[in-house]
There are 2 protein chains.
Amino acid sequence: MTTTISTDQDIATLINVFTVNPDNQQQLIDLLDEATTQVIRQQAGFISANIHASLDGTRVVNYAQWRSRDDLENMLADPTASEHIKAIAALAAADPHLYQVTTTHHP
Amino acid sequence: MTTTISTDQDIATLINVFTVNPDNQQQLIDLLDEATTQVIRQQAGFISANIHASLDGTRVVNYAQWRSRDDLENMLADPTASEHIKAIAALAAADPHLYQVTTTHHP
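Residues numbered from 1 in each chain as written. Chains lettered and ligands numbered in written order. Predicted model: local features only at pLDDT ≥ 70, side-chain atom pairs only at ≥ 80, totals over all residues. Heavy atoms only, no water.

Participant: A description of the relation of the copies chain B and chain A should follow, citing residues and the corresponding values.
Facilitator: Of the transformation placing chain B onto chain A, the axial shift is 0.0 Å and the rotation is 180°, giving an RMSD of 0.0 Å. Here the transformation between the copies is reduced to the relation of a two-fold axis. Residues of chain B ranked by C-alpha distance from the rotation axis are headed by Thr 4 of chain B, positioned 2.2 Å from it. In this assembly, 100% of the residues forming the interface of chain B have copies in chain A that are likewise at the interface, indicating an isologous arrangement. (Least-squares fit on C-alpha atoms with pLDDT ≥ 70 in both. Contact = heavy atoms within 4.5 Å.)

Right under this line is the structure:
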């Protein structure tokens, strides 16, 4: 499967920007991959999670897609997910927001 | 054309997170669309720009893809692009970083 970005999809996009000490960037990525594989991927309404490492080491971005805001909030309320989220929050400052795609441009 | 996120693409991903006063969010989006349509889209190595508005009004994210870091830097050095970038910087605080996609997850 491939993740696509499009204005035509009626979905909830969560972009979560983590600010991290470069020494901990890889550990943060491992925790995000683990949480997604073990818990989040199984939740109703999950479409995709796409983990990005900044080349300067100071950021990690999770570009995630959910069927709806309700599905995302149900996941966040799940106690197993909370355990993972706590471990991640101990390592990095998160700046999560829900977004809509307003425009896409190509050559 | 559709934007895709994949670990298989050997490209440079620029994620630029703008923090903005909600009153100016739409104006910022308009400026980004204008800069992309008038200047950036024509630059060598441009693959895509995908503008996202946070539902809470406080963020705009440009998820952009370039063939290489050099192509991106050539665009940033272009005087016409600089004019647009200055107008954008006057309206919002930018946090641009280059990224690589490390992992993608699907159900």
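Participant: Lay out the packing of aromatic side chains with the relevant residues and their values.
Facilitator: All names here are of chain A. Within this structure, the stated rule accounts for three aromatic pairs over all chains. Plain terms: the ring middles of Phe 46 and Trp 66 are 5.5 Å apart, the flat faces sit at 75° to each other, and that makes the pair edge-to-face. Of this pair, Phe 46 sits in strand E3 (residues 46-54) while Trp 66 sits in strand E4 (residues 59-66); the two residues are 20 residues apart in sequence, bridging distant segments of the chain. Looking at Trp 66, the relative accessible area reads 2%, which means it is buried. (Phe/Tyr/Trp six-rings, centres within 6.5 Å; stacked < 30°, edge-to-face > 60°. Helix = DSSP H or I, 4+ residues; strand = E, 2+ residues; numbered from the N terminus. Buried < 20%, exposed > 50% of the residue type's maximum accessible area, 1.4 Å probe, protein only.)

Participant: Can you tell me about the interface of chain B and chain A, naming the residues and giving the values?
Facilitator: In this complex, chain B contributes 41 residues to the contact, which on the side of chain A involves 41 residues. Interface area for chain B against chain A, summed over the two sides, is near 3800 Å², with a carbon-plus-sulfur share of 59%. Three residues stand out in chain B for area buried against chain A, namely Tyr 99, His 105 and His 106 of chain B, and they jointly supply 19% of the buried area on that side. Scanning the region where chain B abuts chain A turns up two salt bridges. When the shortest N-O distance is used, the salt bridge between Arg 59 of chain A and Asp 95 of chain B registers 2.9 Å. One can count 24 residue pairs in polar contact (both at pLDDT 80 or more) joining chain B with chain A. In terms of residues, the side of chain B that touches chain A owes the most to one element, strand E5 (residues 93-105) of chain B, which gives ten residues. The pairing of strand E1 (residues 3-5) of chain A with strand E1 (residues 3-5) of chain B spans three bridges and is classified as antiparallel. The partner of Thr 4 of chain A across the bridge, within E1 of chain B, is Thr 4 of chain B. (Buried area = accessible area lost by both parts, 1.4 Å probe. Salt bridge = Lys/Arg side-chain N within 4 Å of Asp/Glu carboxyl O. Polar contact = N/O pair within 3.5 Å; in protein donor to acceptor, adjacent residues only side chain to side chain. Pairing = 2+ DSSP bridges.)

Participant: Pulling in residues and values, what's your account of the sheet that holds strand E5 (residues 93-105) of chain A?
Facilitator: Pairing is antiparallel around the closed barrel formed by eight strands, whose spatial order is E2(A)-E4(A)-E3(A)-E5(B)-E2(B)-E4(B)-E3(B)-E5(A). Ignoring which end each strand starts from, the neighbouring axes of this sheet average 35° apart. Examined bridge by bridge, E3 of chain A and E5 of chain B share six bridges and lie antiparallel to one another. Within E5 of chain B, the residue paired with His 52 of chain A across the bridge is Val 101 of chain B. Seen against the sheet, helix H2 (residues 69-77) of chain B touches strand E2 (12-19), strand E4 (59-66) and E5 of chain B and runs at an angle of roughly 120° to E4 of chain B. (Axes fitted to C-alpha atoms, helices over the stretch in contact; angles between N-to-C directions.)

Participant: Got a sec to walk through helix H1 (residues 25-38) of chain A? Specific residues and values, please.
Facilitator: Over its 14 residues, H1 of chain A extends 20 Å from the first C-alpha to the last, a length consistent with the 20 Å expected when each residue adds 1.5 Å. For H1 of chain A, the set of buried residues is Gln 25, Leu 28, Ile 29, Leu 32, Asp 33, Ala 35 and Thr 36 of chain A. Buried positions in H1 of chain A, seen along its axis, are confined to an arc of 165° and lie on one side of it. Its buried side turned inward, H1 of chain A meets strand E2 (12-19), E3, E4 and helix H3 (79-89) of chain A together with E5 of chain B. (Expected span 1.5 Å × (residues − 1). Arc of directions from axis to C-beta.)

Shape descriptors only; they carry no functional weight alone.
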